[in-house]
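Summary of the model geometry
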Amino acid sequence: MVSYPLVFAFIGFFVLVSILVTYYTQKSTQSAADFYVGGRKIPWIQTGIAMVGSYLSAASFLGVAGDIGVKGVDRIWLAIGFFGGYMAVLMLIAGPLRNVGSYTVADAIYRRFPDKSVKLVVMITTVIVSLFYLVPQMVAAGKLFELIMGWNFLVVTVATGILICIYIVFGGMKATLYNQVIQALFLWVAMVVIVVIGIFMYYDGSITRIFEVAEGIVPPSIACKSPEAVAAAAGKSYPDAVAAVRSTLPDAPSAMTIGLQTPNILAQVSTVLALLFGTAGLPHILIMFYTVPSAKAAKKSVMLCIFALGIFYLCSLFLGFVCMYLVYPDLMQWMGSGETGLAVNMAVLKVSHTIGGQWLMAIAAAGSVAAVLSTSAGLMITVASTVSHDFYKVYINRDATEKQELAIAKVTTVLMSVIAILLAVLLKQQNVAWLVTLAFGISASAIFPVMLSNLWWKRFTRQAAIAGMVTGLVVSVFFIVLLLSGIETFLGLSTVGGPGIFGITVSFLVVLVVTACTRDRGPDVEGFFALAHKEEEH
C-alpha cells in the first residue's frame, strides 16, 4: 500500500529540518524569555502560522475527515467546533491576555491576584489538559506507523518523544515555533492538495457533486450492522460496493441524513461547547500570544490562523465525504470487523493512495507526522514552562536564577515525554480524536470561565478564580473517569458527550456565587483593566 522509501524520505526531511532549526535557534536561546516565549520578538505572521501547526493535531488531520467518512453529516460538528473555537479566542482573549501575561497562562491571572495558590491551581490544570492532548498525539504516531509500515508501536512513540525533547531542550520556544511554521505549511498544503485533486478526478470539479453522491451512500457505521451488507461490499470497487449496499438496504438512511449519530442531544451540545470554548482555554495556544511584540500583533496572528483553519476544516469536511465514497469497501470491511478506530484513522491515508498513488500517500503520512510533532512540541514546552516558572520558582526556590529555572524546564520536558509515552502505551486502543475532545472539555471547564472573568469582569474575585478552576477541573475529570470506565449516565445525565456542558456550567455558577460572597478583587483592579484593554481605549 505504501512506498517505504518515499515515507522514509519525507520523515527524514522533517527530522533533518527540525535538527537544523534547533541548531540555528539555540544560539539565540539564552534567557528565560527566549526559552519560554521566543524573546517576545516573533513576527505575527510566523506566530499565526505556528498557531495553525500547534492546533492542527493528528485528530484534525486524520480524525475529522475519517469520522465524517465513517458516520456521515452529523460529524461535521467536529470541524465546525474545532474551527469556531478560535473566534472566541480572537474576540475575548487574544489582546487582553497578551497585555497582562508574561510567560505562562497562570501569569495573566496572577498579575491581577498575586496569590501563589493561583499559580499552583493553573499549573495543575495545565499539566492535566496538556497530558490529555499530548497522549493522543503519541498514540497517533505509534498507530500510524504500526498500521501502514509494521513498525513497533513503542519504538515509534519513544523516537517521537526523543525528537521533540531535542528541539525543546536545545532550542526552546524559537525552535518549537519555527518548526511548527514549517510543519503547518506542509500539513495545510497536503490537506488542500488531496482535496483539490480528489474533487477534480472523481467529482468533475464540482463541490455540490460531493453531496449529491453522499445522498446515495449508506454510512458505514449504519451498514456495518448488517452482515448481508458487509458481505455485499466485500471484494468490490467503491462504486459497486456503494450500489450493492444500497441495494441490500434500500430503506436505510443516507450519509446526508441528519440526526443518525446524535440520538442524545445533550451529549452533542456538550461536545460542541467543549470545542467552541475549549480553544480559549488551551494553554499551549494561549502562551503563543506572548511570543509577539504587542496585543495588536497577537490579534493579527489569530486572524491569520482563523483564515488558514477555515480553509483547512472546510477541506476536511469535503474530504470526509470523499473518503466515504472512494474508500467505502475498506471502511465496510473495517467496521464489519469492529475496528472503528482503524477505519477513522486510516481513511485519509487510504483515500490519499487512491487519489494520488504512492506519492500522495507518503505526503499524507508525512503530514500526519507533522501534525504530531508540531502539536506535541507546543504541549511539552507549555508544561515545561508552567512547572519551572509557576511551581519551582514559586514554591521550591524563590531565589532561583534563570539558569536554574531553565534547567528545571528542560528536565520537565524529558519527564513529560516519558510519562506521555507510558500513557500512550496504556491508552493505545482509545480513539485519538475523542481523547483530544476530552482535553477541550477540561480546558473549557477549568480555564475558560476563569480567564474570561479575569480579563473582562471587574467584580471578579481571587476566591472565585481559585474556586472556579478547582470546580471545573474536578467536575470535568470526574465525568471523564466515568466515561472511560464505561459509565454512560450519572444522576440521569449522559457522560457520552464528555464533560463540556457540565464543567462549564458548574464552573460559571461557582464563579458567580463565590464572587457575590467575596470582596478580594485584586490590589489594583483598575490598573489591571487599564493595562489589559489599553489598545481598545485608543
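Please refer to the structure placed before this passage.
As the structure is a computational prediction, the values presented were derived from the model and not from experiment.

1. Here we look at the side chain of Ser 388
Assignment of secondary structure puts Ser 388 in helix α18 (residues 340-396). The class of Ser 388 is buried, set by a relative accessible area of 0%.

2. Considering the packing of aromatic side chains
By the definition in use, this model includes 15 aromatic pairs. Seen from their ring centres, Phe 113 and Phe 460 are 5.8 Å apart, and the 65° between their planes marks the pair as edge-to-face. In this pair, Phe 113 is assigned in the loop between α6 (105-112) and α7 (116-148) and Phe 460 in the loop between α21 (448-456) and α22 (462-484), connecting sequence segments 347 residues apart. Between Lys 119 and the ring centre of Tyr 110, over which it is positioned, the NZ or CZ distance is 4.8 Å. Lys 458 extends its terminal NZ or CZ atom over the ring of Phe 529, reaching a point 5.8 Å from the ring centre.

3. Side note on the nonpolar core
Formed by 179 residues in total, the largest nonpolar core has its most connected members in Tyr 55, Tyr 86, Phe 289, Leu 319 and Tyr 328. Considering every element that reaches this core, the biggest residue donor is α18, with 26 residues. Aside from chain neighbours lying at most four places away, what touches Tyr 86 is Met 51, Tyr 55, Thr 279, Ile 285, Val 302, Cys 305, Ile 306 and Leu 309.

4. Topic: the environment of Ser 226
For Ser 226, the location among the structural elements is in the loop between α11 (220-223) and α12 (227-233). Residue Ser 226 is classed as buried on the basis of its relative accessible area, which comes to 12%. Taking C-alpha positions, Ser 226 is 40 Å from Ser 445, a pair spaced 219 residues apart along the chain. Within the structure, Ser 226 has its side chain in polar contact with the side chain of Glu 228 (distance 3.1 Å).

5. Some details on the pattern of salt bridges
Tallied over the full model, the rule gives 9 salt bridges. The partner of Lys 71 in a salt bridge is Asp 67, with the nearest N and O atoms 3.5 Å apart. Of this pair, Lys 71 and Asp 67 both sit in helix α4 (residues 58-71), 4 residues apart, which is roughly one turn of the helix. Among the residues examined, Asp 67 registers a relative accessible area of 6% and is labelled buried. Asp 390 serves as the salt-bridge partner of Lys 119, at 3.3 Å between the closest nitrogen and oxygen.

6. A closer look at a nonpolar patch on the surface
Taken together, the side chains of Leu 154, Val 158, Ile 162, Ile 166, Phe 170 and Val 425 present a nonpolar region at the surface, about 490 Å² in accessible area. By residue number, the principal contributor to the nonpolar patch is helix α8 (residues 153-169), which donates 4 residues. Structurally, Ile 162 is set in helix α8.

7. Here we look at unusual backbone geometry
Backbone geometry places Asp 204, a non-glycine residue, at a positive phi of 55°. Mapping Asp 204 onto the fold places it in the loop between α9 (172-202) and α10 (207-214).

Rules behind the numbers
- Sequence order as written defines the numbering, with residues in each chain counted from 1.
- Selection of residues for local features in this predicted model requires a pLDDT of at least 70, selection of side-chain atom pairs for listing and counting requires 80 or more, and totals for whole chains, interfaces and linings are taken over all residues.
- As a rule here, side-chain values cover all heavy atoms of the structure and leave hydrogens and water aside.
- We count a stretch as a helix when DSSP gives it H or I for four or more residues in a row; a strand needs E for two or more, and each element gets its number in order from the N terminus.
- Exposure categories follow from relative accessible area, calculated using a 1.4 Å probe and restricted to protein chains: below 20% of the type maximum is buried, above 50% is exposed, and the middle band is partly exposed.
- Here is the rule: rings of Phe, Tyr and Trp (six-membered ring for Trp) pair when centre to centre is within 6.5 Å. Planes less than 30 degrees apart are stacked, more than 60 are edge-to-face, and the remainder are tilted.
- Two limits define a charge over a ring: the Lys NZ or Arg CZ must be within 6 Å of the ring centre, and within 35 degrees of the ring normal.
- Here, nonpolar core refers to any group of buried Ala, Val, Leu, Ile, Met, Phe, Trp, Tyr and Cys residues whose side-chain atoms link them within 4.5 Å.
- Contacts between residues were defined by any pair of non-hydrogen atoms, one from each residue, lying within 4.5 Å.
- In protein, a polar contact means a hydrogen-donor-capable atom and an acceptor-capable atom, both N or O and within 3.5 Å, with residues adjacent in sequence counting only if both atoms are side-chain atoms; elsewhere, any N or O pair within 3.5 Å suffices.
- Within this document, salt bridges are pairs made up of a side-chain nitrogen of Lys or Arg and a carboxyl oxygen of Asp or Glu, the two lying within 4 Å of each other.
- Like charges are joined within 9 Å and nonpolar side chains (Val, Leu, Ile, Met, Phe, Trp, Tyr) within 5 Å, but only among residues with over 30% relative accessible area and no salt bridge; these make up the patches.
- Residue-level accessible areas treat just the shown protein chains as cover; the underlying method is Shrake-Rupley with a 1.4 Å probe.

Keep in mind that these numbers describe shape and distance, not what the molecule does.
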